[in-house]
Structures are given as structure tokens and as C-alpha cells.
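What the coordinates show
Here are the chains, one letter per residue:
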Amino acid sequence: MKQEEIGLRVRRIKHGTVIDHIAAGQALNVLRILGITDRSNEVVSVVMNVSDRKKDIVKIEDRELKPEEVDKIALISPDATINIIRDYEVVAKHRVILPSQIEGVVRCMNPNCITNTDEPVRPRFVIHRNDAVELHCVYCGRVISERIADFLI
Ligand SMILES: [Zn+2]
């Protein structure tokens, strides 16, 4: 597919954020991480499985994502890029940065972990990236390395 055809499929936005190079199939999980639901007011375009690149794209109009929001995206799509658009121009472009720790974003898969009991303990993970992203629970040591999106809070 040529670049113009992709452009036709997703129109340019005037202001907002374009998240590109999302791992194929993860666009809806990106929306989940950003807290965008059917009750949100943002105008959002999603393109999944862009044919010759096997990547997803998300465009969010009139909202500039903050670093702490975009870095969560790295959990499920560490190669994603963030483009901030103002007046149809890209004014900032950067890759997501995988944080070294994350708190309150993902729940532990261990049902006996203190973070899954009635104790008011927020789940916290140390993050490693080998080939894949790995989350190590700081409380029980359980490692999540697959289907991280399934454990999003
Ligand atoms: Zn745990």
C-alpha cells in the first residue's frame, strides 16, 4: 500500500497525537491503557494491521499525550512512536520509553499476591526487557512476560 492510500484511510488531524508503529493487533489495548472508552469524548481513529507494515496506528484528536501516559504504551508495544500534531504539523516525535518500574497499571497474576487481597497495596512491578517485556512483581516475584494486556487494570 502506498503512503497516499494510508493517508486516505486515516485523514490527517489538525491537533492531537498520532501513535505509530504499534505492534499489530495492540491498538485496542493502547486505547485501554490511555483510558479511552466508548464513554470518552475524544475523536479517535484506529487503523489495525496496516497491510504492508503489520502495524497499528491510533490518532487522537485534540489531546496531547503526556510522557507518563505514553510510556505505559511501551509495556505492550515497546517500539511505538508518538507524534504530537499542532496545526497539521508534527511538532514532536519520540519513541515510547519503557519505564524501569510501574505501579497501579497491571495486576499481579498470582491470586495469592498481597496486591490481590483486601490489603490496600497497589501492584508494583520492576520491568526488564530481554526479547520480550517482562514484569517482575516486587511483592511475590511472579513474572508476567506474555499477554501483558490481559492484566491491565
Ligand atoms: Zn505479585
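Heads up: these notes are all about the structure in this document.

Across the sheet, which stays open at both edges, the four strands sit in the order β6-β7-β8-β9 with antiparallel pairing between neighbours. Lying at the two open borders of the sheet, with one neighbouring strand each, are β6 (101-103) and β9 (143-144). Here three bridges tie β6 to strand β7 (residues 124-129), and the two strands are oriented antiparallel to one another. Bridge assignment links Glu103 to a residue of β7, and that residue is Arg124.

Right, let's get into unusual backbone geometry. In this structure, Asp87 is a non-glycine residue whose phi angle is positive, near 55°. Turning to its location among the elements, Asp87 is positioned in the loop between β4 (81-86) and β5 (89-95). Since its relative accessible area comes to 48%, Asp87 is described here as partly exposed. Backbone geometry places Tyr88, a non-glycine residue, at a positive phi of 70°. With relative accessibility at 42%, the residue Tyr88 sits in the partly exposed group.

Moving on to the sheet that holds strand β2 (residues 44-50). Read from one edge of the open sheet, five strands run β2-β3-β1-β4-β5, paired in antiparallel fashion. A single partner strand is all that each edge strand has here, and the edge strands are β2 and β5. Going from strand to strand, the sheet's axes swing by 15° on average, the running direction of each strand aside. Taken together, the five bridges between β2 and strand β3 (residues 55-61) define a ladder with antiparallel strand orientation. Within β3, the residue paired with Val50 across the bridge is Lys55.

This brings us to the nonpolar core. Ranked by size, the top nonpolar core spans 35 residues in total, and within it Ile19, Ile73, Val106 and Leu135 carry the most contacts. Those elements giving two or more residues to this core turn out to be β1 (16-23), α2 (27-33), β3, α3 (67-73), β4, β7 and β8 (133-137). Mapped onto the domain boundaries, this core takes at least three residues apiece from domain 1 (3-95) and domain 2 (101-151). Ile19 has contacts with Val30, Leu34, Asp56, Ile57, Val58, Ile60, Leu65, Ile73, Ala80, Thr81 and Ile82, leaving out every residue within four places of it along the chain. With six residues, the next largest nonpolar core counts Ile13, Val47, Val50 and Ile57 among its residues.

With that settled, the discussion passes to the coordination of the zinc ion. In the first shell of the zinc ion, the protein supplies Cys108 (SG), Cys113 (SG), Cys137 (SG) and Cys140 (SG), at 2.3 to 2.4 Å from the metal. Coordination at the zinc ion comes from four donor atoms whose angles at the metal span 98 to 115°, giving a geometry best classed as tetrahedral. Spacing between the donor residues of the zinc ion along their common chain follows C-x4-C-x23-C-x2-C. The exposure class of Cys137 is buried, given its relative accessible area of 5%.

So, on to the pattern of salt bridges. Pairing between side chains of opposite charge can happen when the charged atoms of each approach one another. In this structure the tally under the stated criterion is eight salt bridges. Of the charged contacts, one joins Asp79 and Arg95 as a salt bridge, the two residues approaching to 2.8 Å between their closest N and O atoms. Of this pair, Asp79 sits in the loop between α3 and β4 while Arg95 sits in strand β5, and the two are 16 residues apart along the sequence. Under the relative-accessibility criterion, Arg95 is labelled partly exposed at 48%. Between Asp150 and Arg147 there is a salt bridge; the shortest N-O distance is 2.8 Å. Connected through shared salt-bridge partners, Glu42, Arg63 and Glu69 make up one network.

The rules behind these values
All residue numbers refer to position in the chain's written sequence, counted from 1. In keeping with the model being predicted, local features are shown solely for residues with a pLDDT of at least 70 and side-chain atom pairs are shown and tallied solely at 80 or more, while totals for entire chains, interfaces and linings include all residues. To get the side-chain values, take all heavy atoms of the structure and skip hydrogens and water. Whether two strands pair comes down to DSSP finding at least two bridges between them. A run of H or I in DSSP counts as a helix once it spans at least four residues, and a run of E counts as a strand once it spans at least two, with each numbered from the N terminus. Buried, partly exposed and exposed residues are distinguished by accessible area as a fraction of the type maximum, computed with a 1.4 Å probe on protein chains only: under 20%, between the cut-offs, and over 50%, respectively. Axis definition: a line fit to C-alpha positions, over the contact stretch in the case of helices; interaxial angles, taken between N-to-C directions, run 0 to 180 degrees. In plain words, nonpolar cores are sets of buried Ala, Val, Leu, Ile, Met, Phe, Trp, Tyr and Cys residues tied together by side-chain atoms within 4.5 Å. The source of the domain bounds is an automatic or database domain assignment. Contacts between residues were defined by any pair of non-hydrogen atoms, one from each residue, lying within 4.5 Å. Atoms are scored as donors when they are N, O or S and lie within 2.8 Å of the metal, with 3.2 Å used for Na, K and Ca; no water is included, so coordination may look incomplete. A four-donor site is called tetrahedral if each angle lies between 85 and 135 degrees; a four-donor site is square planar, and a six-donor site octahedral, when trans pairs exceed 155 degrees and the remaining angles lie between 65 and 115; all other cases are labelled irregular. What makes a salt bridge here is a side-chain nitrogen of Lys or Arg within 4 Å of a carboxyl oxygen of Asp or Glu, nothing more.

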